[in-house]
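Here is how the chains run, residue by residue.
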Amino acid sequence: MITYQIACQPLTHLFNITMRIQDPVAQVTLMLPVWTPGSYLVREYSRHLQEFSCEYSWQKVNKNTWQIEVPTETAELVVTYKIYAYELSVRTSHLDQTHGYFNCACVCLLYAPAREQFHRLELELPYADWQIATSLKQETTTTYRAADYDELIDSPVEMGLHEAHSFVVLEKTHRLVIWGKGNYQVTKIIEDATQIIGTTAQIFGGLPYDEYLFMLHVADSYGGLEHKNSTSLLFPRLQFQPREKYEKFLQLVAHEFFHTWNIKRLRPQTLDHFDYSQENYVSVLWFCEGATAYYDELICLRAGLYDDKRYLHLLSDAITRLETTPGQQIQCLTQSSWDAWIKLYRPDENSVNSSVSYYLRGHLVICLLDLQIRQTTNKTFDDVFRQLWQTYQTSGGQAYGEADLWCTIEQVAGVDLTDFYDRYIAGIEPLPYDKFLGAFGLQLIPHYEKIPYTGIRLDQEKPIIKVVESNSPAQHARLCPGDELVALEDYRITVKNWPDLLHLSAAPRVTFFRRDQLMQTTLNPAPAQPTRYSVTPLPKVTPEQQRLYQAWLKLKV
């Protein structure tokens, strides 16, 4: 068994770790992961490791790996080190005088020969009033056990001054722990989470765990990370009200909870056995995350947390975000999935021109596939998940091949979808919304703000160019991200007056600073382009269209 004794130094934000290895090999190699499952970015956790120590001869062989020469017949190897923890996110670790939170990928070195053996956490609390919350199996008050290293990595720990609540759904215990203060209402969160859990369970025919833990950090940021039997949630403290902002929290809960099935138990073969030392490439994140993004809004609708009008508004927002992203004309969904490690989590001023989110386009592709299935069969995309669950979980829990995933979708749809895949998933063709929405009595309407199109996206506070869209008037005028706009013709530019100034001239003279050098150019704005899209009912709807609409959005007939 591998044991990690973890003590806290809240004032210095340091976790003190003592790692004990029973019956080690002659040359021990220890490696700290560079990433954590569910967040596809090399985060270099080892940059926060310090004061590595061992009584035997050792050397650091690369950025995150240590080798130790162990004398023969050594019964136990003891290694100590410290981890600096002051990054509050769901993917990292944070320690202060009120709590300690960590993903084990950040703090627990991997000893590969024992990867499939039991791993134990022994936690030393700095204050008597601190509590512990984790999905790991509890052995004593402060000791927890994982079946193997992978379960350890998949089980974050929250300890400190948090409020803890327990509730039962479908005869299974669920726990909610909340750290931080905000304008939330605990009873409402539990009530709505209960509806989300029950609604999701209906898709899969039950809950696949014995107990589930929601860890909520209330602070000033946003994020979520799924785990097999728990989830970490981070939400801004003052955005639980009003209702529209609170709905975003509910969608976050629904999203991470849906991952309990989609990717934690139903997973592609390329994510079946993690290599924690480097990127793990997969081309179906458009399904793993895109389908989850589609269902998080749909589940909240089915759970009665908002109505169909609100749902169509959210769908319209998603379409607007995609259709105002020029990068969808450059990068397809399979490429977006593959390049998650270098694109999605590392955006720059050109990202909008060169890439597309597999969350966003994946969401809309799954939506269209659901409409396709509903229109031509008596099934839905729910049946895709049920078939995957039946095939890959109830028969042993093996991972699916990427080709098998698409084959399952086609089997449920009852038609050959090769053309759809080639155009909209492996290809970059615009999504044909009206082709699918029309059968449900809906249409997509573009909206114009009557502002000449420049391709410039300004900073929210200062007239500094954040983005120049590809092949836009601004690009042809040789304007660049970072340019500070000063004047249009003879008028000073501000963020507020910029739209109005564009009506002054068909080819205005623009004065700007580039790296403190005053420059001028002539801008030739184009006619206004759509800035927003809305999904609205057709003027006349047939009974069949109404039936399909009601079945899709679970309305009473």
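My aim in this report is to walk through the structure given alongside it, one point at a time. (Residues numbered from 1 in each chain as written. Predicted model: local features only at pLDDT ≥ 70, side-chain atom pairs only at ≥ 80, totals over all residues. Heavy atoms only, no water.)

The computed volume of the largest pocket comes to approximately 1400 Å³. Forming the boundary of the largest pocket are 43 residues, of which Y222, K248, R321, S357 and Y359 lie nearest the centre. Among the secondary structure elements, those contributing two or more residues to the lining of the largest pocket are β19 (223–226), α4 (243–258), α6 (290–302), α7 (308–323), α9 (351–354) and α10 (358–376). Tallying contributions element by element places α4 first for the lining of the largest pocket, with 7 residues. Residue classes in the lining of the largest pocket are distributed as 14 nonpolar, 16 polar and 13 charged. When its volume is computed, the second largest pocket comes out at roughly 930 Å³. In this structure, the second largest pocket is lined by 32 residues; those nearest its centre are Y453, R457, E469, Q529 and T531. For the lining of the second largest pocket, the secondary structure elements donating two or more residues are β22 (456–458) and α16 (498–501). If one sorts the elements of the lining of the second largest pocket by residue count, β22 sits on top with 3 residues. When grouped by side-chain class, the residues that make up the lining of the second largest pocket number 16 nonpolar, 11 polar and 5 charged. (1 Å grid on protein atoms, 1.4 Å probe; cavity = no way out; pocket = protein on both sides within 12 Å on 5 of 7 lines; lining within 4 Å. Points joined across faces, edges and corners; volume = space filled by probe spheres on them. Helix = DSSP H or I, 4+ residues; strand = E, 2+ residues; numbered from the N terminus. Nonpolar A, V, L, I, M, F, W, Y, C, P; charged D, E, K, R; others polar.)

On to the sheet that holds strand β13 (residues 137–138), then. Strand order in the open sheet formed by 7 strands is β4-β7-β2-β1-β11-β14-β13, and the pairing between neighbours is mixed. Of all strands in the sheet, those with a lone pairing partner are β4 (49–54) and β13, marking the two edges. In the sheet, β4 pairs with strand β7 (residues 76–84) via 4 bridges, with the strands oriented antiparallel. From the neighbouring strand, Q50 faces β7, where its bridge partner is K82. (Pairing = 2+ DSSP bridges.)

Before going further, it helps to spend a moment on the sheet that holds strand β24 (residues 484–488). Within a beta sheet, neighbouring strands are joined by backbone hydrogen bonds and run either parallel or antiparallel to one another. Read across the open sheet, the 4 strands follow the order β25-β24-β26-β27; overall the sheet is antiparallel. Every other strand in the sheet has two partners, leaving β25 (491–492) and β27 (517–522) as the edge strands with one partner each. Of the pairings in the sheet, the one linking β24 to strand β26 (residues 509–514) comprises 4 bridges and is antiparallel in character. Note on β26: the bridge partner recorded for A487 is T511.

Before going further, it helps to spend a moment on the pairing of β19. Sheet topology places β19 next to strand β20 (residues 230–236); 4 bridges connect them, and they run antiparallel. Bridge assignment links G223 to a residue of β20, and that residue is L234. Adjacent in sequence and paired antiparallel, β19 and β20 are bridged by 3 residues.

Take helix α3 (residues 186–204) next. In this model α3 runs 27 Å from its N-terminal to its C-terminal C-alpha over 19 residues, within 8% of the 27 Å that 1.5 Å per residue would give. One or two steps after α3, the chain reaches G205, where phi turns positive at roughly 80 degrees. (Expected span 1.5 Å × (residues − 1).)

Before going further, it helps to examine the packing of helix α11 (residues 381–392) against helix α12 (residues 402–413). Contact geometry for α11 and α12: axes closest at 9 Å, N-to-C directions at 130 degrees. It follows from the interaxial angle that α11 and α12 lie oblique. Where α11 crosses over α12, the handedness of that crossing is right-handed. Of the residues in α12, those in contact with F381, D383, V384, Q387, L388 and Y392 of α11 are D404, L405, T408, I409 and V412. Within the contact of α11 with α12, the residues separate by chemical class into 7 nonpolar, 2 polar and 2 charged. (Axes fitted to C-alpha atoms, helices over the stretch in contact; angles between N-to-C directions. Parallel < 35°, antiparallel > 145°, perpendicular 65-115°, else oblique. Left-handed = near helix turned anticlockwise from the far one by under 90°. Contact = heavy atoms within 4.5 Å.)

Ranked by internal contacts, the top residues of the largest apolar core, which has 155 residues, are Y4, F15, L121 and W552. Take this core: its biggest share by element is 10 residues, from α10. Core analysis: the second largest hydrophobic core is formed by 16 residues, L458, L485, V510 and F512 among them. (Core = buried A, V, L, I, M, F, W, Y, C linked by side-chain atoms within 4.5 Å. Buried < 20%, exposed > 50% of the residue type's maximum accessible area, 1.4 Å probe, protein only.)

All right, on to the pattern of salt bridges then. If charged atoms from side chains of opposite charge come close, those side chains can pair. Scanning all chains against the criterion turns up 25 salt bridges. The salt bridge partner of R20 is E76, with a shortest N-O separation of 3.2 Å. Of this pair, R20 sits in strand β2 (residues 14–22) while E76 sits in strand β7, and the two are 56 residues apart along the sequence. Residue classification places R20 among the partly exposed residues on the basis of a relative accessible area of 26%. E87 is the partner of R47 in a salt bridge, and the nearest nitrogen-oxygen pair spans 3.6 Å. Of this pair, R47 sits in the loop between β3 (27–31) and β4 while E87 sits in the loop between β7 and β8 (93–95); the two residues are 40 residues apart in sequence, bridging distant segments of the chain. The class of E87 is partly exposed, set by a relative accessible area of 33%. Shared partners join several salt bridges into a network, and the residues in it are R302, D382, D383 and R386. (Salt bridge = Lys/Arg side-chain N within 4 Å of Asp/Glu carboxyl O.)

A few words now on the side chain of H174. Of note, H174 is situated in strand β17 (residues 172–179). One polar contact links the side chain of H174 to the main-chain carbonyl oxygen of K172, over a distance of 2.9 Å. Within polar-contact distance, the side chain of H174 engages the side chain of Y209 at 2.7 Å. In contact with H174, not counting residues within four places along its chain, are H165, S166, F167, V169, I197, L207, Y209, Y212 and F214. (Polar contact = N/O pair within 3.5 Å; in protein donor to acceptor, adjacent residues only side chain to side chain.)

Once that is clear, we can look at α7. The terminal C-alpha atoms of α7, which comprises 16 residues, lie 22 Å apart, in line with the 22 Å expected from a rise of 1.5 Å per residue. Burial in α7 covers these residues: D308, R310, Y311, L312, L314, L315, S316, A318, I319, T320 and L322. At the N-terminal boundary of α7, the capping side chain belongs to D307, with an oxygen 3.2 Å from the backbone nitrogen of K309.

A complete count under the given rule lists 2 cavities of 30 Å³ or more for this structure. Each pocket or cavity is described by its volume, and for the largest cavity that value is around 80 Å³. Lining of the largest cavity is provided by F167, L176, I189, D192, A193, I196, F214, L233, F249, L250 and V253. Elements with a minimum of two residues in the lining of the largest cavity: α3 and α4. Broken down by element, the lining of the largest cavity gets its largest block of residues, 4 residues, from α3. Classifying every residue of the lining of the largest cavity by side-chain character gives 10 nonpolar, no polar and 1 charged. Around the second largest cavity, the lining residues are L315, I319, L364, C367, L368, Y433 and L437.

All quantities given are derived from atomic positions and should not be read as evidence of function.
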